[in-house]
Every structure is written in C-alpha cells, then in structure tokens.
Amino acid sequence: MKLRWIAALGAVPALHSAYAAVYLSTEQAQRAAFPAATAFVPAEGDAERPALAVWEARDATQRLGWLLVDRVIGRTEEITYALALDAAGTVLSLEVLEYRETHGGEIRLPAWRKQFVGRSAAHPPQFGSDIKNIVGATLSCRHVSDGVAALLQFHARRLASR
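Summarised in this report is the structure supplied together with it. Each chain has its residues counted from 1, following the order in which its sequence is written. Given that the model is predicted, a residue must reach a pLDDT of at least 70 before its local features are reported, and side-chain atom pairs must reach 80 or more before they are shown or counted; all residues, however, enter totals for whole chains, interfaces and linings. Side-chain numbers here rest on the full set of heavy atoms in the structure, without hydrogens or water.

## Overview of the overall build of the protein
Point 1. Helix and strand definitions follow DSSP, with helices as H or I runs of at least four residues and strands as E runs of at least two, each counted in order from the N terminus. Across its full length, the protein carries four helices and six strands.
Point 2. In the protein, the succession of α and β elements from N to C terminus is α-β-α-β-β-β-β-β-α-α.
Point 3. Here a residue-residue contact requires only that any non-hydrogen atoms of the pair lie within 4.5 Å. For the protein, the proportion of contacts with a sequence separation of at least 24, taken over those separated by at least 6, is 47%.
Point 4. Of the accessible surface of the protein, which amounts to about 8900 Å², a share of 57% is contributed by carbon and sulfur atoms. Areas reported here follow the Shrake-Rupley algorithm with a probe of radius 1.4 Å; residue values treat only the protein chains shown as occluding.

This is the structure we're talking about:
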C-alpha cells in the first residue's frame, strides 16, 4: 500500500509541470521583433517592476526600438511576455514567451495579440472595450492587457526621453 501512495505522490509534480509551456526565448523574441537589429543593449528596468528586463534594439546607426520582457499573474500562475516597441513607443508586437496556466493558452493566438499593435501610452489598451476577452482566459487577458498598459507608461516615463 505504501508503494502505491509514494508512486502517486511522485506523479503529481509531473502532472502539474505538464501545463507549463515555453514558446520563445528572449533572444528569439528579440530577433522576431527586430530582424534588422545588430545589437540588443540592456537598459535599466523599473524598481516597481523587478521582473522587467529592457533592451534597446539597434542597428549600426540608430535605435530601432525597445524590447521589454515582463511577467504578470494569469489566474494563479505567471505569464512571461515580450512587448516590442518602436523608437517612438508604439507597439510593434506582443509575444507570449511562457504560459503556465492550465487554461487560456489562446492568448498566444496571433489574432488576440494583434489587438495590441499600434497602441501607445497615448492610446493604451483597454481590456473589455478594444481588447477582447477570450472565454476561459479572462484573467490572463485582463492581466496581460494591464501589463502592456503599464509598460507603455514606463516607456513614456523612462525611455522616451533617451
């Protein structure tokens, strides 16, 4: 009887970790967002968002934009995402790098992520009005939308003047 109980306990972590999925690395997200970049220079993050990592994308002569990698809580687990901004702070793309929730992975779908393209601090995403919900992923959709809005404000406060 004890052997069965131990075997059952050993299966639990494997079952839970089966839901975590890594879709892109940071380097892959950098290259996808800025294929012409010759360098990604780390930049200072934000003390209020310790998980935030920021890179300036450059070619030989100019800044192409910024790649910001951050994490938000979906329902109960973290979602790691990359936001690509042009030099003026307009969203070029949004990529989900890691998704750990058991439901709601549809936020990775291009049609949902495309809603963020063209947004800026002056016109941030508004969940429920211009950013549509995905049934079964409401909290993930809301929290990623809020995270993107916060990163656009961070750009306006800290990166736009560089």
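After that view of the structure, there is still more to cover.
## Thoughts on the nonpolar core
Point 1. Residue types Ala, Val, Leu, Ile, Met, Phe, Trp, Tyr and Cys, when buried and joined through side-chain atoms within 4.5 Å, form a set referred to as a nonpolar core. Note on exposure labels: buried denotes an accessible area under 20% of the residue type's maximum, exposed denotes more than 50%, and partly exposed covers the range between, all computed with a 1.4 Å probe on protein chains only. Within the largest apolar cluster, 27 residues are counted, with the highest numbers of intra-cluster contacts made by Leu68, Leu94, Ile107, Trp112, Val144 and Val148.
Point 2. Every element with two or more residues in this core is listed here: strand E4 (63–73), strand E5 (78–86), strand E6 (91–99) and helix H4 (138–159).
Point 3. The element best represented in this core is H4, accounting for seven residues.
Point 4. Discounting chain neighbours no more than four positions away, the residues touching Val144 are Val72, Ile79, Leu94, Ile107 and Trp112.
Point 5. In terms of nonpolar packing, the next biggest core, distinct from the first, is built from 12 residues, Phe40, Trp55, Leu67 and Ala82 among them.

## Details of the side chain of His155
Point 1. Structurally, His155 is set in helix H4.
Point 2. With relative accessibility at 4%, the residue His155 sits in the buried group.
Point 3. His155 has contacts with Trp66, Leu85, Ala87, Ala88, Gly89 and Ala160, leaving out every residue within four places of it along the chain.

## Section: the sheet that holds strand E2 (residues 39–43)
Point 1. Between any two strands, at least two bridges found by DSSP are needed for them to pair. Pairing is antiparallel in the open sheet, where six strands are placed in the order E1-E6-E5-E4-E3-E2. Strands with a single pairing partner mark the edges of an open sheet, and in this sheet they are strand E1 (21–22) and E2.
Point 2. The pairing of E2 with strand E3 (residues 53–58) spans five bridges and is antiparallel. Following the sheet pairing, Val41 is matched in E3 by Glu56.
Point 3. To get an axis, fit a line to the C-alpha atoms, keeping to the stretch in contact for a helix; angles then go from 0 to 180 degrees between the N-to-C directions. Where helix H2 (residues 26–33) meets the sheet, it contacts E2, E3, E4, E5 and E6, and its direction lies at approximately 140° from that of E4.

## Concerning H2
Point 1. Three or more residues of H2 are buried, namely Thr26, Ala29, Gln30 and Ala33. One face of H2 carries all of its buried residues, which in axial projection span an arc of 105°. Exposed side chains of H2 directed beyond 90 degrees from the buried face belong to Glu27 and Ala32.
Point 2. Those residues of H2 that are buried are in contact with E2, E3, E4, E5 and E6. The arc in question is formed by the directions pointing from the helix axis toward the C-beta atoms.

## Structural notes on H4
Point 1. Spanning 22 residues, H4 covers 30 Å between terminal C-alpha atoms, matching the ideal 32 Å at 1.5 Å per step.
Point 2. Of the positions making up H4, those classed as buried are Ser140, Cys141, Val144, Ser145, Gly147, Val148, Ala149, Leu151, Leu152, Phe154, His155 and Leu159.
Point 3. Buried residues in H4 make contact with E3, E4, E5, E6 and helix H3 (110–113). To estimate how far a helix should reach, multiply one less than its number of residues by 1.5 Å.

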